[in-house]
Amino acid sequence: MNKRLKQTMLLSLGVGLMVPMLQACTKAGGSDDNTEKVLRIATTMYSGPDGEYFRQRFTELYEFANKNVKIEVIPTYDEKYMYGYVQPDPKEKPEDPLAKLKELMQGDNPPDVVVFGYEQLEDLIADNLLTQLDPMITKDKFDTSDIVPAVIDGIKKLGDGKIYGLSPTFNSSAVIYNKKIFDEAGVEYPTDKMTWQQMFDLSRRVAKGEGADRKYGFSFSTYNMGGDMTYATQMYTAPLQLRMFDEQGEKMTVNTDQWENVWKTMLQLKTEKLLPEQLDMSQMRQMDQQQTYNPFQHDDFLSGRVAMSIINYGELDRVINAMKNAEGIKGFTPFDWDVVTLPVHEEAPDVGGFMGMEGVMAINSKAQNAAEAWKFIQFVNGEDWAKLKASSNHNIVSRQKYIKKKDGIEFNLKAFTTLTPALMLDNKLYRERQNLYRVNEIGSRLLQEVSQGKLQVRDALKQWETEGNQLLQKIKENPNGPIDMPMPMAG
(Lines give C-alpha, C1' and ligand atoms only; values in the text may rest on other atoms or scores of the structure.)
Protein backbone atom coordinates (compact mmCIF):
# COMPACT_ATOMS: atom_id res chain seq x y z
CA MET A 1 0.00 0.00 0.00
CA ASN A 2 1.24 3.51 -0.80
CA LYS A 3 2.88 4.87 2.36
CA ARG A 4 1.21 8.29 2.12
CA LEU A 5 -2.22 6.67 1.58
CA LYS A 6 -1.66 4.42 4.56
CA GLN A 7 -0.74 7.41 6.76
CA THR A 8 -3.86 9.26 5.58
CA MET A 9 -6.08 6.29 6.41
CA LEU A 10 -4.53 5.97 9.87
CA LEU A 11 -4.98 9.69 10.50
CA SER A 12 -8.63 9.53 9.42
CA LEU A 13 -9.19 6.54 11.69
CA GLY A 14 -7.56 8.40 14.59
CA VAL A 15 -9.75 11.45 14.06
CA GLY A 16 -12.81 9.24 13.88
CA LEU A 17 -11.98 7.64 17.18
CA MET A 18 -11.09 10.98 18.74
CA VAL A 19 -14.30 12.89 18.03
CA PRO A 20 -16.58 10.97 20.45
CA MET A 21 -13.93 11.29 23.11
CA LEU A 22 -13.60 15.03 22.57
CA GLN A 23 -17.35 15.43 22.77
CA ALA A 24 -17.19 13.81 26.19
CA CYS A 25 -14.27 16.05 27.08
CA THR A 26 -16.24 19.12 26.06
CA LYS A 27 -19.04 18.19 28.44
CA ALA A 28 -16.59 17.42 31.23
CA GLY A 29 -14.16 20.30 30.92
CA GLY A 30 -15.52 22.84 28.49
CA SER A 31 -16.09 26.48 29.29
CA ASP A 32 -19.50 27.42 30.60
CA ASP A 33 -20.47 30.00 27.98
CA ASN A 34 -19.65 31.16 24.49
CA THR A 35 -17.86 34.33 25.52
CA GLU A 36 -14.41 34.38 23.96
CA LYS A 37 -11.68 33.95 26.53
CA VAL A 38 -7.93 34.25 26.23
CA LEU A 39 -5.72 31.83 28.14
CA ARG A 40 -2.07 32.83 28.24
CA ILE A 41 0.39 29.96 28.77
CA ALA A 42 4.09 30.62 29.32
CA THR A 43 6.62 27.81 29.20
CA THR A 44 10.33 27.26 29.74
CA MET A 45 10.17 24.21 27.49
CA TYR A 46 10.98 24.05 23.79
CA SER A 47 7.76 25.00 22.00
CA GLY A 48 8.70 24.89 18.32
CA PRO A 49 8.05 27.58 15.68
CA ASP A 50 4.88 29.50 16.63
CA GLY A 51 4.42 27.09 19.55
CA GLU A 52 3.44 24.28 17.17
CA TYR A 53 5.23 21.46 19.01
CA PHE A 54 3.90 22.63 22.38
CA ARG A 55 0.34 22.91 21.03
CA GLN A 56 0.45 19.40 19.59
CA ARG A 57 1.54 18.00 22.92
CA PHE A 58 -0.67 19.91 25.32
CA THR A 59 -3.23 22.40 24.02
CA GLU A 60 -4.79 21.25 20.74
CA LEU A 61 -7.33 18.93 22.35
CA TYR A 62 -8.42 21.62 24.79
CA GLU A 63 -8.79 24.17 22.00
CA PHE A 64 -10.84 21.70 19.98
CA ALA A 65 -13.12 21.01 22.95
CA ASN A 66 -13.40 24.71 23.91
CA LYS A 67 -14.09 26.73 20.77
CA ASN A 68 -14.44 29.97 22.71
CA VAL A 69 -10.99 29.77 24.30
CA LYS A 70 -8.04 31.29 22.49
CA ILE A 71 -4.68 30.05 23.76
CA GLU A 72 -1.55 32.17 23.53
CA VAL A 73 1.72 30.25 23.96
CA ILE A 74 4.64 32.32 25.27
CA PRO A 75 7.98 30.46 25.19
CA THR A 76 10.84 31.72 27.34
CA TYR A 77 13.37 29.24 25.92
CA ASP A 78 15.78 30.64 23.34
CA GLU A 79 15.20 28.31 20.39
CA LYS A 80 18.59 29.00 18.82
CA TYR A 81 20.08 26.60 21.39
CA MET A 82 18.07 23.75 19.87
CA TYR A 83 20.30 23.68 16.82
CA GLY A 84 23.73 23.16 18.29
CA TYR A 85 25.99 24.99 20.69
CA VAL A 86 25.92 28.75 20.41
CA GLN A 87 29.01 30.52 21.73
CA PRO A 88 27.73 33.11 24.23
CA ASP A 89 29.08 36.63 24.32
CA PRO A 90 31.49 36.64 27.31
CA LYS A 91 30.27 40.14 28.19
CA GLU A 92 26.65 39.07 28.21
CA LYS A 93 25.01 36.67 30.66
CA PRO A 94 23.08 33.94 28.76
CA GLU A 95 19.34 34.36 29.07
CA ASP A 96 17.84 32.07 31.68
CA PRO A 97 14.41 30.67 30.63
CA LEU A 98 13.25 30.43 34.26
CA ALA A 99 14.34 33.99 35.07
CA LYS A 100 12.45 35.21 32.00
CA LEU A 101 9.40 33.20 33.08
CA LYS A 102 9.47 34.79 36.54
CA GLU A 103 9.69 38.22 34.98
CA LEU A 104 6.65 37.51 32.80
CA MET A 105 4.68 36.11 35.74
CA GLN A 106 5.06 39.38 37.61
CA GLY A 107 4.69 41.70 34.61
CA ASP A 108 1.83 43.88 33.42
CA ASN A 109 0.22 41.14 31.29
CA PRO A 110 1.07 37.98 33.21
CA PRO A 111 0.42 34.45 31.89
CA ASP A 112 -2.36 32.42 33.50
CA VAL A 113 -0.74 29.00 33.23
CA VAL A 114 2.97 28.23 33.46
CA VAL A 115 4.50 24.98 32.17
CA PHE A 116 8.04 24.00 33.19
CA GLY A 117 10.34 21.16 34.21
CA TYR A 118 10.09 19.39 37.55
CA GLU A 119 13.51 20.70 38.58
CA GLN A 120 12.15 24.28 38.39
CA LEU A 121 9.11 23.71 40.61
CA GLU A 122 10.88 24.22 43.95
CA ASP A 123 12.26 27.59 42.89
CA LEU A 124 8.85 28.90 41.78
CA ILE A 125 7.22 27.72 45.01
CA ALA A 126 9.95 29.37 47.10
CA ASP A 127 9.28 32.71 45.36
CA ASN A 128 5.53 32.47 46.05
CA LEU A 129 4.74 32.65 42.34
CA LEU A 130 2.31 29.71 42.19
CA THR A 131 -1.24 29.17 43.39
CA GLN A 132 -1.77 26.17 45.66
CA LEU A 133 -4.07 23.71 43.88
CA ASP A 134 -5.31 21.68 46.85
CA PRO A 135 -8.39 23.88 47.54
CA MET A 136 -9.48 23.62 43.88
CA ILE A 137 -8.83 19.88 43.83
CA THR A 138 -11.02 19.46 46.91
CA LYS A 139 -13.77 21.82 45.72
CA ASP A 140 -14.13 20.15 42.29
CA LYS A 141 -13.49 16.63 43.65
CA PHE A 142 -10.70 16.24 41.12
CA ASP A 143 -9.40 12.71 41.60
CA THR A 144 -5.65 12.49 42.11
CA SER A 145 -5.68 8.98 43.62
CA ASP A 146 -4.93 7.38 40.24
CA ILE A 147 -1.88 9.56 39.52
CA VAL A 148 1.38 7.57 39.61
CA PRO A 149 2.76 7.77 43.17
CA ALA A 150 6.21 8.73 41.89
CA VAL A 151 4.67 11.79 40.19
CA ILE A 152 2.24 13.04 42.82
CA ASP A 153 4.60 12.27 45.74
CA GLY A 154 7.49 13.91 43.88
CA ILE A 155 5.41 17.07 43.43
CA LYS A 156 4.28 17.08 47.06
CA LYS A 157 7.85 16.58 48.22
CA LEU A 158 8.82 19.96 46.77
CA GLY A 159 5.68 21.67 48.08
CA ASP A 160 6.05 20.62 51.71
CA GLY A 161 3.14 18.19 51.27
CA LYS A 162 1.06 20.60 49.18
CA ILE A 163 0.27 20.48 45.46
CA TYR A 164 1.37 23.49 43.39
CA GLY A 165 1.36 21.82 40.00
CA LEU A 166 0.37 18.69 38.09
CA SER A 167 2.19 16.85 35.32
CA PRO A 168 0.22 14.86 32.71
CA THR A 169 3.25 12.84 31.59
CA PHE A 170 6.62 11.85 32.96
CA ASN A 171 9.73 9.95 32.06
CA SER A 172 11.95 7.80 34.25
CA SER A 173 14.56 5.07 34.22
CA ALA A 174 14.76 1.45 35.32
CA VAL A 175 17.22 -1.43 35.06
CA ILE A 176 16.82 -3.70 32.03
CA TYR A 177 18.33 -7.18 32.21
CA ASN A 178 19.21 -9.93 29.74
CA LYS A 179 17.51 -13.13 30.89
CA LYS A 180 19.71 -15.28 28.67
CA ILE A 181 22.91 -14.22 30.47
CA PHE A 182 21.34 -14.97 33.86
CA ASP A 183 20.00 -18.34 32.71
CA GLU A 184 23.36 -19.39 31.29
CA ALA A 185 25.06 -18.44 34.56
CA GLY A 186 22.40 -20.20 36.65
CA VAL A 187 21.79 -16.98 38.58
CA GLU A 188 18.41 -15.65 39.73
CA TYR A 189 17.03 -12.52 38.04
CA PRO A 190 17.24 -9.11 39.76
CA THR A 191 14.20 -7.85 41.64
CA ASP A 192 12.57 -4.49 42.38
CA LYS A 193 14.14 -2.19 44.97
CA MET A 194 17.37 -4.11 45.41
CA THR A 195 20.05 -2.08 47.14
CA TRP A 196 22.96 -0.90 45.03
CA GLN A 197 25.24 -3.31 46.86
CA GLN A 198 22.89 -6.23 46.15
CA MET A 199 22.79 -5.34 42.47
CA PHE A 200 26.56 -5.01 42.27
CA ASP A 201 26.92 -8.39 44.02
CA LEU A 202 24.51 -9.90 41.49
CA SER A 203 26.51 -8.43 38.63
CA ARG A 204 29.65 -10.13 39.98
CA ARG A 205 27.94 -13.50 39.65
CA VAL A 206 27.12 -13.08 35.95
CA ALA A 207 30.24 -11.27 34.75
CA LYS A 208 32.69 -13.56 32.95
CA GLY A 209 35.22 -13.80 30.13
CA GLU A 210 38.05 -11.60 28.94
CA GLY A 211 38.75 -9.11 26.18
CA ALA A 212 36.21 -8.83 23.39
CA ASP A 213 34.32 -11.84 24.80
CA ARG A 214 33.85 -10.25 28.23
CA LYS A 215 30.28 -10.25 29.63
CA TYR A 216 29.99 -7.32 32.03
CA GLY A 217 27.62 -7.32 34.97
CA PHE A 218 26.26 -3.79 35.01
CA SER A 219 26.22 -0.52 33.08
CA PHE A 220 24.95 2.93 34.01
CA SER A 221 23.85 3.49 30.40
CA THR A 222 22.93 1.28 27.45
CA TYR A 223 25.31 3.26 25.24
CA ASN A 224 28.98 2.36 25.22
CA MET A 225 30.38 5.10 27.43
CA GLY A 226 33.50 3.25 28.51
CA GLY A 227 32.41 3.06 32.13
CA ASP A 228 32.28 6.85 32.45
CA MET A 229 33.09 7.15 36.16
CA THR A 230 31.83 10.71 36.58
CA TYR A 231 28.43 9.92 35.07
CA ALA A 232 28.22 6.72 37.11
CA THR A 233 29.05 8.61 40.31
CA GLN A 234 26.34 11.20 39.64
CA MET A 235 23.73 8.48 39.08
CA TYR A 236 24.83 6.62 42.20
CA THR A 237 24.89 9.65 44.52
CA ALA A 238 21.74 11.47 43.29
CA PRO A 239 19.36 9.79 45.80
CA LEU A 240 21.83 10.49 48.64
CA GLN A 241 21.74 14.26 48.04
CA LEU A 242 25.51 14.22 48.38
CA ARG A 243 26.88 17.73 47.99
CA MET A 244 30.06 18.89 46.23
CA PHE A 245 29.86 22.34 47.82
CA ASP A 246 27.73 24.16 50.38
CA GLU A 247 24.40 25.83 49.63
CA GLN A 248 26.09 29.21 49.12
CA GLY A 249 28.49 27.80 46.53
CA GLU A 250 31.48 29.06 48.51
CA LYS A 251 33.06 26.02 50.17
CA MET A 252 33.77 22.49 48.95
CA THR A 253 32.26 19.55 50.90
CA VAL A 254 33.98 16.56 49.29
CA ASN A 255 36.75 15.76 51.77
CA THR A 256 34.55 13.39 53.79
CA ASP A 257 34.25 9.69 54.63
CA GLN A 258 31.02 9.48 52.62
CA TRP A 259 32.65 10.78 49.45
CA GLU A 260 35.60 8.47 50.04
CA ASN A 261 33.28 5.45 50.29
CA VAL A 262 31.49 6.49 47.08
CA TRP A 263 34.69 6.81 45.09
CA LYS A 264 36.01 3.51 46.43
CA THR A 265 32.77 1.80 45.42
CA MET A 266 32.97 3.18 41.88
CA LEU A 267 36.65 2.30 41.55
CA GLN A 268 36.01 -1.24 42.76
CA LEU A 269 33.50 -1.71 39.95
CA LYS A 270 36.14 -0.62 37.47
CA THR A 271 38.88 -2.75 39.03
CA GLU A 272 36.69 -5.87 38.90
CA LYS A 273 35.67 -5.06 35.31
CA LEU A 274 31.98 -5.09 36.19
CA LEU A 275 31.41 -1.99 34.05
CA PRO A 276 31.99 -2.18 30.26
CA GLU A 277 35.19 -0.72 28.89
CA GLN A 278 35.01 1.69 25.98
CA LEU A 279 35.54 0.11 22.57
CA ASP A 280 38.51 1.61 20.77
CA MET A 281 38.62 2.10 17.00
CA SER A 282 40.73 -1.02 16.38
CA GLN A 283 38.19 -3.18 18.23
CA MET A 284 35.34 -1.65 16.23
CA ARG A 285 37.14 -2.27 12.94
CA GLN A 286 37.87 -5.83 14.00
CA MET A 287 34.21 -6.41 14.85
CA ASP A 288 33.16 -4.92 11.52
CA GLN A 289 35.37 -7.39 9.68
CA GLN A 290 34.31 -10.46 11.65
CA GLN A 291 31.44 -12.65 10.57
CA THR A 292 30.00 -12.15 14.04
CA TYR A 293 29.48 -8.45 13.31
CA ASN A 294 26.94 -6.97 15.71
CA PRO A 295 24.86 -4.07 14.35
CA PHE A 296 24.37 -2.82 17.92
CA GLN A 297 28.06 -2.62 18.80
CA HIS A 298 27.59 0.85 20.31
CA ASP A 299 24.78 -0.43 22.54
CA ASP A 300 26.15 -2.33 25.51
CA PHE A 301 22.82 -4.01 26.22
CA LEU A 302 21.59 -5.01 22.75
CA SER A 303 25.10 -6.14 21.83
CA GLY A 304 24.92 -8.67 24.67
CA ARG A 305 27.96 -7.20 26.45
CA VAL A 306 26.15 -6.41 29.72
CA ALA A 307 23.73 -8.37 31.83
CA MET A 308 22.02 -5.32 33.35
CA SER A 309 21.85 -1.68 32.36
CA ILE A 310 20.06 1.49 33.39
CA ILE A 311 17.66 2.46 30.62
CA ASN A 312 15.30 5.38 30.05
CA TYR A 313 11.68 4.53 29.26
CA GLY A 314 11.93 6.17 25.84
CA GLU A 315 14.82 3.85 24.91
CA LEU A 316 12.62 0.76 25.20
CA ASP A 317 11.39 1.37 21.65
CA ARG A 318 14.85 0.52 20.37
CA VAL A 319 14.93 -2.74 22.33
CA ILE A 320 11.41 -3.77 21.32
CA ASN A 321 11.98 -2.97 17.65
CA ALA A 322 15.25 -4.92 17.63
CA MET A 323 13.61 -8.02 19.07
CA LYS A 324 10.59 -7.73 16.81
CA ASN A 325 12.66 -7.34 13.63
CA ALA A 326 15.53 -9.65 14.59
CA GLU A 327 15.08 -11.87 11.51
CA GLY A 328 15.94 -8.97 9.26
CA ILE A 329 18.93 -7.74 11.29
CA LYS A 330 22.13 -9.47 10.23
CA GLY A 331 24.33 -10.54 13.11
CA PHE A 332 21.69 -10.02 15.79
CA THR A 333 20.18 -12.79 17.92
CA PRO A 334 17.11 -11.83 19.97
CA PHE A 335 16.85 -12.65 23.66
CA ASP A 336 14.31 -12.39 26.48
CA TRP A 337 14.49 -9.36 28.78
CA ASP A 338 12.61 -7.56 31.53
CA VAL A 339 13.05 -4.55 33.80
CA VAL A 340 13.20 -3.85 37.53
CA THR A 341 13.38 -0.61 39.48
CA LEU A 342 16.61 1.26 39.86
CA PRO A 343 18.59 0.05 42.86
CA VAL A 344 18.17 2.08 46.04
CA HIS A 345 20.31 3.12 48.99
CA GLU A 346 19.40 1.88 52.45
CA GLU A 347 19.28 5.52 53.58
CA ALA A 348 16.73 6.32 50.82
CA PRO A 349 14.80 3.08 50.12
CA ASP A 350 12.07 4.71 48.02
CA VAL A 351 14.12 7.16 45.95
CA GLY A 352 15.30 6.43 42.42
CA GLY A 353 17.20 8.53 39.92
CA PHE A 354 16.25 11.73 38.14
CA MET A 355 12.73 11.84 36.73
CA GLY A 356 11.54 14.09 33.94
CA MET A 357 8.08 15.58 34.30
CA GLU A 358 7.19 17.25 31.01
CA GLY A 359 5.84 19.49 31.90
CA VAL A 360 4.57 20.50 35.27
CA MET A 361 1.53 22.78 34.91
CA ALA A 362 0.69 25.43 37.48
CA ILE A 363 -1.39 28.58 37.91
CA ASN A 364 0.39 31.90 38.19
CA SER A 365 -0.42 33.53 41.53
CA LYS A 366 -1.13 36.71 39.49
CA ALA A 367 -3.21 34.97 36.80
CA GLN A 368 -5.82 37.17 35.16
CA ASN A 369 -7.94 34.16 34.24
CA ALA A 370 -7.36 31.71 37.08
CA ALA A 371 -10.71 29.92 36.63
CA GLU A 372 -9.97 29.02 32.99
CA ALA A 373 -6.40 28.14 33.95
CA TRP A 374 -7.68 25.56 36.44
CA LYS A 375 -10.11 24.13 33.86
CA PHE A 376 -7.22 23.69 31.44
CA ILE A 377 -5.02 21.97 34.04
CA GLN A 378 -7.91 19.69 35.05
CA PHE A 379 -8.50 18.75 31.43
CA VAL A 380 -4.89 17.98 30.48
CA ASN A 381 -4.31 16.06 33.72
CA GLY A 382 -7.65 14.26 33.55
CA GLU A 383 -8.64 10.78 32.45
CA ASP A 384 -9.91 11.62 28.96
CA TRP A 385 -6.66 13.33 27.97
CA ALA A 386 -4.62 10.45 29.43
CA LYS A 387 -6.67 7.90 27.49
CA LEU A 388 -5.99 9.70 24.22
CA LYS A 389 -2.29 10.26 24.90
CA ALA A 390 -1.50 6.85 26.42
CA SER A 391 0.31 5.64 23.31
CA SER A 392 3.10 8.22 23.61
CA ASN A 393 6.41 6.62 22.70
CA HIS A 394 8.79 8.57 24.88
CA ASN A 395 6.72 9.58 27.91
CA ILE A 396 4.33 7.80 30.26
CA VAL A 397 0.93 9.29 31.12
CA SER A 398 0.60 10.00 34.81
CA ARG A 399 -2.81 8.31 35.10
CA GLN A 400 -2.06 4.71 36.08
CA LYS A 401 -5.32 3.41 34.64
CA TYR A 402 -4.29 4.35 31.11
CA ILE A 403 -0.62 3.44 31.08
CA LYS A 404 -0.12 1.08 28.16
CA LYS A 405 2.62 -1.43 27.61
CA LYS A 406 4.58 -0.74 24.47
CA ASP A 407 3.28 -2.82 21.56
CA GLY A 408 1.51 -5.03 24.08
CA ILE A 409 4.85 -6.46 25.24
CA GLU A 410 4.73 -7.96 28.71
CA PHE A 411 7.29 -6.42 31.05
CA ASN A 412 7.42 -4.99 34.56
CA LEU A 413 6.07 -1.52 33.76
CA LYS A 414 5.82 -0.62 37.46
CA ALA A 415 9.61 -0.49 37.52
CA PHE A 416 9.29 2.97 35.91
CA THR A 417 6.53 4.25 38.21
CA THR A 418 7.39 3.09 41.73
CA LEU A 419 10.30 5.16 43.03
CA THR A 420 10.04 8.86 43.80
CA PRO A 421 12.50 11.12 41.95
CA ALA A 422 15.81 12.23 43.37
CA LEU A 423 15.95 15.98 43.82
CA MET A 424 18.49 17.95 41.83
CA LEU A 425 20.60 20.09 44.12
CA ASP A 426 21.41 23.77 43.66
CA ASN A 427 19.37 24.42 40.51
CA LYS A 428 19.07 28.11 41.32
CA LEU A 429 22.77 28.42 42.10
CA TYR A 430 23.76 26.73 38.83
CA ARG A 431 21.56 29.14 36.88
CA GLU A 432 23.04 32.17 38.61
CA ARG A 433 26.63 30.92 38.30
CA GLN A 434 26.82 28.98 35.08
CA ASN A 435 30.51 28.18 35.53
CA LEU A 436 29.78 25.96 38.53
CA TYR A 437 29.76 22.86 36.33
CA ARG A 438 33.55 23.28 36.09
CA VAL A 439 33.87 22.20 39.72
CA ASN A 440 32.85 18.75 38.56
CA GLU A 441 35.54 18.84 35.87
CA ILE A 442 38.19 18.93 38.60
CA GLY A 443 36.63 15.93 40.34
CA SER A 444 36.39 14.05 37.06
CA ARG A 445 40.09 14.63 36.32
CA LEU A 446 41.17 13.53 39.81
CA LEU A 447 38.93 10.44 39.78
CA GLN A 448 40.59 9.45 36.53
CA GLU A 449 44.02 9.89 38.11
CA VAL A 450 43.00 7.69 41.03
CA SER A 451 41.79 4.99 38.62
CA GLN A 452 45.22 5.14 36.94
CA GLY A 453 46.97 4.63 40.27
CA LYS A 454 48.48 8.14 40.35
CA LEU A 455 46.66 9.22 43.54
CA GLN A 456 45.06 7.69 46.61
CA VAL A 457 41.35 8.36 47.04
CA ARG A 458 41.54 10.60 50.13
CA ASP A 459 44.48 12.55 48.72
CA ALA A 460 42.51 13.17 45.54
CA LEU A 461 39.49 14.38 47.52
CA LYS A 462 41.69 16.77 49.52
CA GLN A 463 43.10 18.08 46.26
CA TRP A 464 39.57 18.48 44.86
CA GLU A 465 38.68 20.44 47.99
CA THR A 466 41.68 22.79 47.59
CA GLU A 467 41.34 23.38 43.84
CA GLY A 468 37.55 23.55 44.12
CA ASN A 469 37.67 26.25 46.80
CA GLN A 470 39.94 28.34 44.58
CA LEU A 471 37.56 27.91 41.65
CA LEU A 472 34.46 28.70 43.71
CA GLN A 473 35.98 32.01 44.72
CA LYS A 474 36.73 32.89 41.09
CA ILE A 475 33.19 31.92 40.07
CA LYS A 476 31.70 34.02 42.85
CA GLU A 477 33.62 37.04 41.54
CA ASN A 478 32.84 36.27 37.88
CA PRO A 479 29.75 33.98 37.77
CA ASN A 480 29.36 33.64 33.99
CA GLY A 481 32.44 35.09 32.32
CA PRO A 482 35.69 33.38 31.29
CA ILE A 483 37.35 31.49 34.14
CA ASP A 484 40.98 30.41 34.47
CA MET A 485 40.96 26.94 35.99
CA PRO A 486 43.24 26.45 39.02
CA MET A 487 46.62 24.89 38.21
CA PRO A 488 46.58 21.16 39.09
CA MET A 489 48.56 20.51 42.26
CA ALA A 490 51.70 18.42 42.05
CA GLY A 491 50.97 14.77 42.81
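Since the structure is predicted, the reported quantities are computational estimates derived from the model, not experimental observations.

**Describing the overall build of the protein chain**
Part 1 of the argument: Within the protein chain, the regular secondary structure consists of 17 helices and 10 strands.
Part 2 of the argument: Residues counted as buried form 51% of the 491 residues belonging to the protein chain.
Part 3 of the argument: Within the protein chain, residue pairs in contact and separated by at least 24 positions form 76% of the contacts whose partners lie at least 6 positions apart.
Part 4 of the argument: Split by element, the accessible area of the protein chain, about 24300 Å² in all, is 49% carbon and sulfur.

**Side note on the pattern of salt bridges**
Part 1 of the argument: All told, the structure shown has 25 salt bridges when counted by the stated rule.
Part 2 of the argument: Between D426 and R243 there is a salt bridge, and its shortest N-O distance comes to 2.5 Å. Here D426, found in the loop between β10 (396-397) and α15 (427-432), pairs with R243, found in the loop between α9 (229-237) and α10 (257-271); they are 183 residues apart in sequence, far enough to count as distant.
Part 3 of the argument: Here D426 falls in the buried class, since its relative accessible area comes to 17%.
Part 4 of the argument: Of the charged contacts in the structure, one is a salt bridge between E441 and R438, with a shortest N-O distance of 3.3 Å. Of this pair, E441 and R438 both sit in helix α16 (residues 437-451), 3 residues apart, which is roughly one turn of that helix.
Part 5 of the argument: The partly exposed category is assigned to E441, whose relative accessible area is 35%.
Part 6 of the argument: Through salt bridges with shared partners, one network takes in D96, K102, D123, D127 and R431.

**So, α9**
Residue pairs spaced three or four apart in an α-helix point in one direction, given the helix's 3.6 residues per turn.
Part 1 of the argument: Among the 9 residues in α9, 7 count as buried, and that is most of the element.
Part 2 of the argument: Where α9 is buried, its residues touch α8 (196-206), α10, β7 (306-312) and α16.

**Observations regarding helix α2 (residues 52-65)**
Part 1 of the argument: The axis of α2 is deflected most strongly, by about 65°, at T59.
Part 2 of the argument: Every buried residue belonging to α2 is among F54, R57, F58, T59, L61, Y62 and A65, and all of these are buried.

**Description of the pairing of strand β3 (residues 113-116)**
Part 1 of the argument: Residues of β3 alternate between two faces, with V113 and V115 on one and V114 and F116 on the opposite face, all of them buried.
Part 2 of the argument: Two elements, strand β1 (residues 37-43) and β3, share 3 bridges in a ladder whose sense is parallel. Among the inter-strand pairings, I41 is bridged to a residue of β3, identified as V113.
Part 3 of the argument: With 4 bridges connecting them, β3 and strand β9 (residues 360-363) associate as antiparallel partners. If you follow V113 over to β9, its bridge partner there is I363.

**Details of the nonpolar core**
Part 1 of the argument: Formed by 83 residues in total, the largest nonpolar core has its most connected members in L121, L130, W337, F376 and F416.
Part 2 of the argument: In this structure F376 touches L39, I41, F58, T59, Y62, I71, V113 and M361, once residues within four positions along its chain are discounted.
Part 3 of the argument: With 55 residues, the next largest nonpolar core counts F218, M252, V344 and I442 among its residues.

**So, the environment of L240**
Part 1 of the argument: Note that L240 resides in the loop between α9 and α10.
Part 2 of the argument: Given a relative accessible area of 18%, L240 falls into the buried group.
Part 3 of the argument: Considering only alpha carbons, one finds L240 and A422, 182 residues apart in sequence, at a separation of 8.2 Å.
Part 4 of the argument: For L240, the contacting residues outside a window of four places in its chain are Q258, H345 and E347.

**Points about the side chain of H345**
Part 1 of the argument: Turning to its location among the elements, H345 is positioned in the loop between β8 (337-340) and β9.
Part 2 of the argument: At 3.4 Å, the side chain of H345 forms a polar contact with the side chain of W196.
Part 3 of the argument: Reaching out from H345, the side chain makes a polar contact with the backbone oxygen of Y236 at a distance of 2.6 Å.
Part 4 of the argument: Residue contacts for H345: discarding those within four places in its chain leaves W196, Y236, P239 and L240.

**Here we look at the confidence of the model for the protein chain**
Part 1 of the argument: With 85% of its residues at a pLDDT of at least 70, the protein chain reaches an overall mean of 86.
Part 2 of the argument: Here residues 1-24 is modelled with pLDDT under 50, and outside its nearest four sequence neighbours on either side it reaches 12 contacts, counting other chains as well.
Part 3 of the argument: Per-residue pLDDT stays below 50 along residues 82-86; that stretch engages in 5 contacts with residues further than four places along the chain or on separate chains.

**What about the sheet that holds strand β2 (residues 69-75)?**
Part 1 of the argument: With mixed pairing, 4 strands are arranged side by side in an open sheet as β2-β1-β3-β9. For this open sheet the edge positions go to β2 and β9, each flanked by a neighbour on one side alone. Taken pair by pair, the neighbouring strands of this sheet meet at an average axis angle of 25°, ignoring direction.
Part 2 of the argument: The sheet strands contacting helix α13 (residues 370-380) are β1, β2, β3 and β9, and the helix crosses β9 at an angle near 160°.

**Describing the packing of α2 against α13**
Part 1 of the argument: Close contact between α2 and α13 brings their axes to 10 Å; oriented N to C, the two are set at 115°. When the axis of α2 is compared with that of α13, the two are roughly perpendicular. Judged by the twist between their axes, the crossing of α2 over α13 is right-handed. On the side of α2, the interface is formed by F58, T59, L61, Y62 and A65, while α13 contributes E372, K375, F376, F379 and V380.

**A word on the side chain of N435**
Part 1 of the argument: Structurally, N435 is set in the loop between α15 and α16.
Part 2 of the argument: Other than its neighbours up to four places away in sequence, N435 contacts I475, N478, P479, N480, G481 and I483.

About the criteria used
- Residues numbered from 1 in each chain as written.
- Predicted model: local features only at pLDDT ≥ 70, side-chain atom pairs only at ≥ 80, totals over all residues.
- Heavy atoms only, no water.
- Helix = DSSP H or I, 4+ residues; strand = E, 2+ residues; numbered from the N terminus.
- Buried < 20%, exposed > 50% of the residue type's maximum accessible area, 1.4 Å probe, protein only.
- Contact = heavy atoms within 4.5 Å.
- Areas by Shrake-Rupley, 256 points an atom, 1.4 Å probe, with all protein chains shown as cover.
- Salt bridge = Lys/Arg side-chain N within 4 Å of Asp/Glu carboxyl O.
- Bend = angle between axes of the 7 residues up to and from the residue.
- Pairing = 2+ DSSP bridges.
- Core = buried A, V, L, I, M, F, W, Y, C linked by side-chain atoms within 4.5 Å.
- Polar contact = N/O pair within 3.5 Å; in protein donor to acceptor, adjacent residues only side chain to side chain.
- pLDDT = per-residue confidence, 0-100.
- Axes fitted to C-alpha atoms, helices over the stretch in contact; angles between N-to-C directions.
- Parallel < 35°, antiparallel > 145°, perpendicular 65-115°, else oblique.
- Left-handed = near helix turned anticlockwise from the far one by under 90°.

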